[in-house]
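Listed below are the residues making up each chain.
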Amino acid sequence: MKVTDLLASATKPIISLEILPPTKGKSIESIYGHLDPLMEFGPSFVNVTYHRAEQIMKKRADGTYEKVEIRKRPGTVSICAALMNKYKIEAVPHLICGGFTKEETENALIDLNFLGVKNVLALRGDAAANEKFFTANPNGHRYAEELVQQVLNLNHGKYMEEDIIDGVKTDFCIGVAGYPEKHFEAPNIETDTYYLKRKIELGADYIVTQMFFKNSHYYNFVNRCKENNINCPIIPGLKPLTSKRQLTTIPSIFNVEVPVDLVNELVKSTAPDAGDRIGEEWLYQQCVDLLKNKVPVLHFYTLGKPQVVYNVLKRLF
Ligand code: FAD
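Attention in this report is confined to the structure presented alongside it. Given the structure is predicted, the values throughout are model-derived calculations rather than measurements.

Conventions used here
- Residues numbered from 1 in each chain as written.
- Predicted model: local features only at pLDDT ≥ 70, side-chain atom pairs only at ≥ 80, totals over all residues.
- Heavy atoms only, no water.
- Buried < 20%, exposed > 50% of the residue type's maximum accessible area, 1.4 Å probe, protein only.
- Helix = DSSP H or I, 4+ residues; strand = E, 2+ residues; numbered from the N terminus.
- Pairing = 2+ DSSP bridges.
- Axes fitted to C-alpha atoms, helices over the stretch in contact; angles between N-to-C directions.
- Contact = heavy atoms within 4.5 Å.
- Near = heavy atom within 4 Å.
- Polar contact = N/O pair within 3.5 Å; in protein donor to acceptor, adjacent residues only side chain to side chain.
- Areas by Shrake-Rupley, 256 points an atom, 1.4 Å probe, with all protein chains shown as cover.
- 1 Å grid on protein atoms, 1.4 Å probe; cavity = no way out; pocket = protein on both sides within 12 Å on 5 of 7 lines; lining within 4 Å.
- Points joined across faces, edges and corners; volume = space filled by probe spheres on them.
- Nonpolar A, V, L, I, M, F, W, Y, C, P; charged D, E, K, R; others polar.
- Core = buried A, V, L, I, M, F, W, Y, C linked by side-chain atoms within 4.5 Å.
- Lys, Arg positive; Asp, Glu negative; His and termini not counted.
- Salt bridge = Lys/Arg side-chain N within 4 Å of Asp/Glu carboxyl O.
- Parallel < 35°, antiparallel > 145°, perpendicular 65-115°, else oblique.
- Left-handed = near helix turned anticlockwise from the far one by under 90°.

1. As for the pairing of strand β1 (residues 14-19)
Taken across its six residues, β1 has six buried, putting it largely inside the fold. Residue alternation in β1 divides its side chains into two sets, Ile-14, Ser-16 and Glu-18 and Ile-15, Leu-17 and Ile-19, and both sets are buried. Pairing analysis gives five bridges linking β1 to strand β10 (residues 297-301), with the strands arranged parallel. Bridged to Ile-14 within β10 is Val-297.

2. A short note on the sheet that holds β1
Taken together, the eight strands give a closed barrel; going around it, the order is β1-β2-β5-β6-β7-β8-β9-β10, and neighbouring strands pair in parallel fashion. With strand direction ignored, the average angle separating the axes of adjacent strands in the sheet is 25°. One ladder, built from three bridges, connects strand β5 (residues 90-96) with strand β6 (residues 119-123); its direction is parallel. Bridged to Leu-95 within β6 is Ala-122. Relative to β6, helix α5 (residues 144-155) is tilted by about 150°, and along the sheet it contacts β5, β6 and β7 (173-178). Packed on one face of the sheet, helix α7 (residues 215-227) meets β7, β8 (206-211) and β9 (234-238) and runs near 160° to β9.

3. A short note on the site of the ligand
Neighbouring the ligand are 24 residues; Tyr-50, Asp-126, Tyr-179, Asp-192 and Lys-199 lie closest to it. Here an oxygen atom of the ligand and a side-chain polar atom of His-94 are 2.8 Å apart. Take Arg-124: an N or O atom from its main chain is 2.9 Å from an oxygen atom of the ligand. Against a free-state accessible area of 980 Å², the protein chains account for coverage of 88% of the ligand. Ranked by residues supplied to the shell around the ligand, first place goes to helix α6 (residues 189-202) with four residues.

4. Here's the deal with empty space enclosed by the protein
Scanning the entire structure with this criterion turns up one cavity of 30 Å³ or more. Put simply, the largest cavity is a space of about 40 Å³. If you trace the largest cavity, you find it lined by Tyr-50, Leu-95, Ile-96, Phe-100, Thr-105 and Ala-108. Elements with a contribution of two residues or more to the lining of the largest cavity: β5 and α4 (102-114). Partitioned by chemical class, the residues of the lining of the largest cavity number five nonpolar, one polar and no charged.

5. Some remarks on the nonpolar core
One finds Leu-35, Leu-83, Ile-207 and Phe-300 to be the most contacted residues of the largest nonpolar core, which totals 62 residues. A per-element tally of this core places helix α3 (residues 76-87) first, with seven residues. Beyond its immediate stretch of four places on either side in the chain, Ile-207 contacts Val-176, Ala-177, Gly-178, Leu-196, Ile-200, Phe-221, Ile-230, Cys-232, Pro-233, Ile-234 and Ile-235. Formed by 28 residues, the second largest nonpolar core is a distinct cluster that contains Leu-123, Tyr-206, Val-208 and Tyr-301.

6. Quick look at the side chain of Asp-192
Secondary-structure assignment places Asp-192 in helix α6. Buried charge without a partner: Asp-192 forms no salt bridge, and the closest opposite charge is Lys-182, 6.4 Å away. Among the polar contacts made by the side chain of Asp-192, one reaches the main-chain amide nitrogen of His-183 at a distance of 2.7 Å. Other than its neighbours up to four places away in sequence, Asp-192 contacts Tyr-179, Lys-182, His-183 and Ala-186.

7. Examining the packing of helix α10 (residues 274-292) against helix α11 (residues 306-316)
Between two packed helices, both the angle of their axes relative to each other and the distance between the axes serve to describe the pair. Where α10 meets α11, the closest approach of the two axes is 9 Å, and the angle between their N-to-C directions is 45°. In terms of orientation, α10 lies oblique with respect to α11. Crossing angle aside, the handedness with which α10 passes α11 is right-handed. Contacts between α10 and α11 pair Asp-276, Gly-279, Glu-280, Glu-281, Leu-283, Tyr-284, Cys-287, Val-288 and Leu-291 from the former with Val-308, Asn-311, Val-312, Arg-315 and Leu-316 from the latter.

Shown next as structure tokens:
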């Protein structure tokens, strides 16, 4: 089922999760171990992130170095198929422009269609680890909107090879990313909103937000979208923040604000499990407030902290 249909047919707020593929060499059991307990709450869909390859310098036997490309977290497409098969829920693979040619993307979409995947989240992706700014693959896309267009093309049966006539029409529901506190590269909120609107006007179906720790950022974003005639579902992205270290890593990686009360609580905490308790309480209060304000769905970035998300869900439902 499409994410938009799941949202439209829900009679109460639904739950969704986001996971990362395991690092290369690890078993898919690590994902199941992560998700099994959370299935108690009947999540409607699970997003699976996509990770571009990285170039690293590897030392040869003779002491010289060579540049090699490694993909630390392969497997997004197959994990989606495995999750749909095991849990009978929808899986939403992320697709990124960075590091991929248009042809590779088309082939991935064909695989996903064959596997019965109905949803994708179309993203640009971040700059490569060794680059300061995002550079598109010479045969790839520069912006998420171009990727949205490619998925739409396939939904219309339009393949890259022009001599394919009457090509199978896929029927992907397309999500895109939105940034309540602005994408870090955008010069201002208005410009960012303009490009977000373009993705929706082009044909994307819904927005998933970057994480936020202050609900007012989400509410302001939803209002801004409405004022700009962006009328699709806007799924709030939620993440537990549970350690002092994350007080600096999260703002620097995701460009989001950590509210002063949450900072103070974590800074003054000393007990070994205090971080998890503080993060859980903060996330729980965020969810209570969002549910009070009638959000249709709570989307959890479970990344490494499934127990905290479990505790929050247990208290909520
Ligand atoms: P875009 O929509 O292309 O926007 C990027 C920037 O360019 C913005 O500043 C925008 O305002 C501007 N812009 C957009 N279109 C144009 C245009 N036509 N001309 C000029 N400027 C333009 N990254 C991963 O690598 N893998 C993942 O699995 C992943 N999952 C994510 C899930 C969510 C919910 C979110 C919020 C982010 C995720 N990311 C992931 C990170 C994301 O790829 C980065 O934030 C990336 O920098 C921007 O992606 P985007 O799709 O928002 O890009």
